[in-house]
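Listed here are the chains, written in short residue letters.
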Amino acid sequence: MFELIYRSTAHDNIKSSDILSILNTSRHYNSVHNITGCLLYYNHEFVQILEGDKSQVKELFSKIENDTLHTQVVLVSENDKHDRTFKNWSMAYHELRKSEIQDISKQNFINSFLTISELAEKPTHVTKLFWHLSQEILKT
Ligand SMILES: Cc1cc2nc3c(=O)[nH]c(=O)nc-3n(C[C@H](O)[C@H](O)[C@H](O)COP(=O)(O)O)c2cc1C
């Protein structure tokens, strides 16, 4: 099992219909290619985790990288792992609105994750924690 995480900045004029179409494409393509993951949209930034067979994930990422709906696509991390974090999701999606996140510690955590993702050395336990927190947010 392989995991790839990246972040990017949404195109200025991105519409909710663009996001819907990304999700429709993703849910079909990802289930056919046995890819799971989660896409978060926060403060005009995307953070996405893709999980699956290494070559499939890499192939998908090269398509995503070239998508004009976003820019500044930065690879945060890529590594092998045993289990999927998002087993039952071809592509979970959540738009985080600042006002919606009541819990200030969660807001701080997301902000620090985005800061850490800019560093050369990314502690893997922080990445792990981030996606577990995201799962909790998705459940609420
Ligand atoms: C932020 C973002 C995330 C995306 N995630 C996926 C994804 O998980 N799966 C997918 O098939 N396409 C995803 N896409 C869409 C791809 O970039 C691309 O448009 C799609 O794979 C169709 O490519 P094609 O027309 O070359 O086949 C995403 C696009 C963006 C902007």
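Our structure's up above, just so we're on the same page.
Described in the following lines is the structure provided in the data block. Counting starts from 1 at the beginning of each chain's written sequence and moves along it residue by residue. Thresholds applied to this predicted model are a pLDDT of at least 70 for local features of residues and 80 or more for the giving and counting of side-chain atom pairs; totals over whole chains, interfaces and linings are not thresholded and use all residues. The side-chain quantities take in all heavy atoms of the structure and omit both hydrogens and water.

## Considering the environment of His28
Relative to the helices and strands, His28 resides in helix 1 (residues 16-32). A C-alpha to C-alpha distance of 8.0 Å links His28 and Ser90, two positions 62 residues apart in sequence. Numbering of helices and strands starts at the N terminus; helices are DSSP runs of H or I of at least 4 residues and strands are runs of E of at least 2.

## As for the sheet that holds strand 3 (residues 45-52)
Sheet architecture is open: five strands sit in the order 4-1-3-2-5, paired in mixed fashion. Only two strands of the sheet have a single partner each, and these edge strands are strand 4 (70-80) and strand 5 (92-96). Geometrically, the sheet is characterised by an average inter-axis angle of 15° between neighbouring strands, direction not taken into account. Those strands touched by helix 2 (residues 54-65) are strand 1 (2-10), strand 3 and strand 4, and its axis lies near 155° from that of strand 3. Any two strands are treated as partners once DSSP identifies two or more bridges connecting them. In this analysis an axis means a line fitted to C-alpha atoms, helices contributing only their contacting stretch, and an angle means the value between N-to-C directions, from 0 to 180 degrees. It only takes one pair of heavy atoms within 4.5 Å for two residues to be counted as in contact.

## A closer look at the packing of aromatic side chains
By convention, a stacked pair of Phe, Tyr or Trp rings (six-membered ring in the case of Trp) has centres within 6.5 Å and planes under 30 degrees apart, an edge-to-face pair has planes over 60 apart, and any other such pair is tilted. By the definition in use, this model includes three aromatic pairs. Ring geometry for Tyr6 against Phe61: centres 5.3 Å apart, planes inclined by 40°, an arrangement best described as tilted. Taken together, the positions of Tyr6 in strand 1 and Phe61 in helix 2 put the pair 55 residues apart, joining distant regions of the chain. Ring centres of Phe86 and Trp131 lie 5.9 Å apart, and the angle between their planes is 90°; on these two criteria the pair is classed as edge-to-face. Linking Phe86 in the loop between strand 4 and strand 5 with Trp131 in helix 4 (residues 124-139), this pair joins segments that are 45 residues apart in sequence. Of the two residues examined, Phe86 and Trp131, each falls in the buried class. Exposure categories follow from relative accessible area, calculated using a 1.4 Å probe and restricted to protein chains: below 20% of the type maximum is buried, above 50% is exposed, and the middle band is partly exposed.

## Here's the deal with the environment of Asn34
The topology assignment puts Asn34 in the loop between helix 1 and strand 2 (36-42). With a relative accessible area of 52%, Asn34 lands in the exposed category. Separated by 17 residues in the primary sequence, Asn34 and Glu51 have C-alpha atoms spaced 8.5 Å apart. The residues touching Asn34, leaving out its near neighbours within four places in the chain, are Glu51, Gly52 and Arg84.

## A word on the site of the ligand
Near, as used in this document, describes a residue that has one of its heavy atoms within 4 Å of the molecule or strand being considered. Contacts to the ligand come from 16 residues, most closely from Ser26, Asn30, Gln48, Lys63 and Asp67. Counting of polar contacts relies on pairs of N or O atoms within 3.5 Å, with two restrictions inside protein: one atom must be capable of donating a hydrogen and the other of accepting it, and residues adjacent in sequence are counted only when both atoms are side-chain atoms. A distance of 2.9 Å separates a nitrogen atom of the ligand from a polar atom in the side chain of Asn30. One of the side-chain N or O atoms of Gln48 is found 3.2 Å from an oxygen atom in the ligand. The method behind every accessible area is Shrake-Rupley, applied with a 1.4 Å probe, and residues are considered shielded solely by the protein chains displayed. In isolation the ligand has 620 Å² of accessible area, and contact with the protein removes 76% of it. Where the shell around the ligand is concerned, the elements lending two or more residues are helix 1, strand 3 and helix 2. Three categories are distinguished: nonpolar for Ala, Val, Leu, Ile, Met, Phe, Trp, Tyr, Cys and Pro, charged for Asp, Glu, Lys and Arg, and polar for the others, with Gly belonging to the last. Each residue belonging to the shell around the ligand can be placed in one class, and the counts come to nine nonpolar, five polar and two charged.

## Description of helix 2
End to end, helix 2 covers 16 Å across 12 residues, agreeing with the expected 16 Å (1.5 Å per residue, within 8%). All of the buried residues in helix 2 are Val57, Leu60, Phe61 and Ile64. End-on, the buried residues of helix 2 take up no more than an arc of 105°, which puts them together on one face. Each element contacted by the buried residues of helix 2 is listed here: strand 1, helix 1, strand 3 and strand 4. An expected span of 1.5 Å times one less than the residue number is assigned to each helix. Comment: arc refers to directions from the helix axis out to C-beta atoms.

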